[in-house]
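Structural description and commentary
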Amino acid sequence: MTVQTNHIKGNGRYDIVWEDSFSELMGQIKKLHLKADKYCIVADSKVARVYLDKVKEILEKEGLYVTTFVFPEGESSKNLQTIQNIYTHLIGEHFDRKDILVALGGGVTGDLTGYAAATYLRGIDFISIPTTLLAQVDSSIGGKTGVDFEQYKNMVGAFYNPRLVYMNLSTLNTLSNRQFACGMGEVLKTGLLGDDDLYIWTINHMYEIEERDHEVVQELIRRCCEIKKHVVEQDPEEEGMRAVLNLGHTIGHAIEKLKDFDLTHGECVALGTVCAAEISHKRGYLSTEEFYEIRDMNVGFNLPITVDGINPNDILEVSRKDKKVEHGLRRFILLKSIGNAVIDDTVTDEEMLEAFEFINGDRIDAE
Ligand SMILES: NC(=O)c1ccc[n+]([C@@H]2O[C@H](COP(=O)([O-])OP(=O)(O)OC[C@H]3O[C@@H](n4cnc5c(N)ncnc54)[C@H](O)[C@@H]3O)[C@@H](O)[C@H]2O)c1
Ligand SMILES: O=C(O)C(=O)C[C@@H](O)[C@H](O)[C@H](O)COP(=O)(O)O
Ligand SMILES: [Zn+2]
């Protein structure tokens, strides 16, 4: 599948390749006719232990010079300090504008590597090898790169596309159940915002997904990629409708920050999606059955339905600093129906507080 986003600075066109091993990686890279002398593979400490040597060996077999940059795993590394460390490494290795970064890992690695690629020497090429479900269904596509700043999510970044997205689906075999569930948070979001058929198909295949049935997971990833491609090709730099991909993220990002990144991104998105569905239900867009089904799907896919230790007023405060705030108004993503998300800037503080109460574990525990 090829993503075509012509008017993004950098490279707007790239192939997304799904394979079950790394065996086709070099062939795909050769197709790009890159003029690089050097490759730097960026990976977090956990992914490095499992996959770094394999990918390095594949590149080195072609006589390429390969260096590696490994950072401590986790969201707490997604910051400007790690970006600076990448620059220092690249300068030390004399990387020039023809040389290549390779993001090997999950969304954190992709966001960091993409941003380093967008900014080092005003932009060098990068290749993405996503290894988490979340990265394969969402973050490796669409060119959003960046880092957190003062723990505010993705506050600094750039739209910058890779030259190639190479998915080796067998890497999911080593993913923990919690990280697999994290990816499911974005999968459920994707169906809800853009494809009711995918949403229903996902529910109907809950058992096979839980078992990580190869065929089913492969189809799941392809379908999510199709939807994301469709959205980002229409609005590559989020001037309008791309914001629907942010379903669940207004409250989700606030929870992520307020919980000091103890919850995964996908868990927070899943909680935020319940809140968005609650507001959509109160407004009469979703039926009571639809709302409760959305909430209960979190349970079905090992995602939370409550969070504790958060002052609801802090949700309001943090979400006022959301990137989607325009002219002081929060832009919220609501569900007009299953599979049809809309941007709405009329959601009030009261609606948000009421929705949060639905997932507020402190309140629910006290009952
Ligand atoms: N750019 C985008 O469009 C976009 C979209 C969605 C999310 N994101 C960002 O992505 C990040 C979340 O991504 P994530 O959930 O992949 O987190 P992550 O990159 O931190 O990976 C999660 C964990 O899984 C481990 N891991 C990765 N691949 C593995 C494998 N194959 N086997 C075993 N362990 C493996 C990692 O070491 C890490 O501990 C957040 O920062 C979020 O903001 C970005
Ligand atoms: O690609 C997009 O656009 C998305 O919104 C996908 C989200 O899942 C992702 O978490 C993204 O990083 C959020 O973007 P942000 O601009 O709200 O930080
Ligand atoms: Zn997300």
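Just so it is clear, the model here is predicted, and its values are computed rather than measured.

**Notes on helix α14 (residues 349-359)**
All of the buried residues in α14 are Met352, Ala355, Phe356 and Ile359. Angularly, the buried residues of α14 cover 100° about the axis, an arc narrow enough to put them on a single face. On its buried side, α14 packs onto α10 (249-258), α11 (265-282) and α13 (312-319).

**Details of the site of ligand 1**
Near ligand 1 there are 31 residues, and of these Lys46, Gly106, Gly107, Thr132 and Ser139 occur at the shortest range. Of the residues assigned to the shell around ligand 1, the class counts are seven nonpolar, 15 polar and nine charged. When we break the shell around ligand 1 down by domain, the ones giving at least three residues each are domain 1 (2-174) and domain 2 (177-365).

**What to know about the sheet that holds strand β4 (residues 65-71)**
If you trace the seven strands from one edge of the open sheet to the other, you get β1-β2-β9-β6-β5-β3-β4, paired in mixed fashion. Unpaired on one side and paired on the other, β1 (2-4) and β4 mark the two borders of the sheet. Each adjacent strand pair in this sheet contributes to an overall mean axis angle of 20°, direction not counted. One ladder, built from two bridges, connects strand β6 (residues 125-130) with strand β9 (residues 164-168); its direction is parallel. Bridging across to β9, Ile127 finds its partner in Leu164. The strands touched by helix α4 (residues 107-119) are β3 (38-44), β5 (100-105) and β6; relative to β5, the strand with the most contacts, the crossing angle is about 170°.

**Points about the site of ligand 2**
Close contacts around ligand 2 come from Asp138, Gly142, Lys144, Lys153, Asn154, Glu186, Glu238, Arg242, Leu245, Asn246, His249 and Lys323, and that covers them all. Taken together, the residues that form the shell around ligand 2 break down as one nonpolar, four polar and seven charged. When residues of the shell around ligand 2 are assigned to domains, at least three fall in each of domain 1 (2-174) and domain 2 (177-365).

**Looking at unusual backbone geometry**
Even without being a glycine, His94 presents a positive backbone phi close to 55°. Inspection of the secondary structure puts His94 in the loop between α3 (80-92) and β5. Positive phi, normally seen in glycine, also occurs at Glu238, with a value near 50°. Following the sequence through the fold, Glu238 ends up in the loop between α9 (214-234) and α10.

**Here we look at the environment of Thr5**
Within the secondary structure, Thr5 is located in the loop between β1 and β2 (13-19). Note on Thr5: 22 C-beta atoms within 10 Å, which makes it buried. Distance from Thr5 to Leu80, taken between C-alpha atoms, is 27 Å for residues 75 residues apart in sequence. Beyond its immediate stretch of four places on either side in the chain, Thr5 contacts Gly12, Gly143, Asn161, Val232, Glu233 and Pro236.

**Quick notes on the UniProt feature "binding site: Zn(2+)" (unreviewed entry) in the protein chain**
Cross-referencing UniProt, the feature "binding site: Zn(2+)" (unreviewed entry) maps to Glu186, His249 and His265 in the present numbering. On the basis of their most widely separated C-alpha atoms, the annotated residues across 80 residues gather in one place, lying no more than 10.1 Å apart. Relative to the assigned elements, His249 resides in helix α10. The exposure class assigned to His249 is buried, which follows from the 27 C-beta atoms found within 10 Å. When residues no more than four places from it in sequence are discounted, the contact partners of His249 are Val269 and Gly272. Within the fold, His265 resides in helix α11. With sequence-adjacent residues up to four places away left out, His265 is seen in contact with Gly107, Leu134, Cys182 and Glu256.

**Description of the domain arrangement of the protein chain**
Domain annotation of the protein chain identifies domain 1 (2-174) and domain 2 (177-365). Of note, the centres of domain 1 and domain 2, computed from C-alpha atoms alone, are 26 Å apart. Facing the 26 residues of domain 1 at the interface are 28 residues of domain 2. Listing elements by their share of the side of domain 1 that touches domain 2, those giving two or more residues are β1, β2, α5 (133-139) and β8 (152-159). Per-element accounting of the side of domain 1 that touches domain 2 gives the leading share, five residues, to α5.

**Some thoughts on the environment of Glu317**
Looking at where Glu317 falls in the secondary structure, it is placed in helix α13. Between the C-alpha atom of Glu317 and that of Ala254, which follows or precedes it by 63 residues, the distance is 8.8 Å.

**A short note on the nonpolar core**
Residues Val42, Leu101, Val102 and Leu104 are the most contacted members of the largest nonpolar core, which totals 106 residues. It is α11 that contributes the most residues to this core, nine residues altogether. When we break this core down by domain, the ones giving at least three residues each are domain 1 (2-174) and domain 2 (177-365). Residues within four places of Leu104 in sequence aside, it is in contact with Ile41, Val42, Ala43, Val47, Tyr51, Leu52, Val55, Thr109, Ile129 and Thr131.

**With respect to the pairing of β6**
Of all six residues in β6, six are buried, a share of seventy percent or more. The two faces of β6 match: Asp125, Ile127 and Ile129 on one face and Phe126, Ser128 and Pro130 on the other face are all buried. Across six bridges, the pairing between β5 and β6 is parallel. Each residue of the ladder has a partner; that of Ala103, found in β6, is Ser128. As for the winding sense of the linkage, the β-α-β connection from β5 through α4 to β6 is right-handed.

Conventions used here
Residues numbered from 1 in each chain as written. Chains lettered and ligands numbered in written order. Predicted model: local features only at pLDDT ≥ 70, side-chain atom pairs only at ≥ 80, totals over all residues. Buried ≥ 20, exposed ≤ 12 C-beta atoms within 10 Å, placed from the backbone. Helix = DSSP H or I, 4+ residues; strand = E, 2+ residues; numbered from the N terminus. Arc of directions from axis to C-beta. Contact = placed C-beta atoms within 7 Å. Near = placed C-beta within 6 Å. Nonpolar A, V, L, I, M, F, W, Y, C, P; charged D, E, K, R; others polar. Domains from an automatic or database assignment. Pairing = 2+ DSSP bridges. Axes fitted to C-alpha atoms, helices over the stretch in contact; angles between N-to-C directions. UniProt positions renumbered as here; feature names shortened; annotations may be inferred. Core = buried A, V, L, I, M, F, W, Y, C linked by C-beta atoms within 7 Å. Right-handed = clockwise from strand over helix to strand, strands pointing away.

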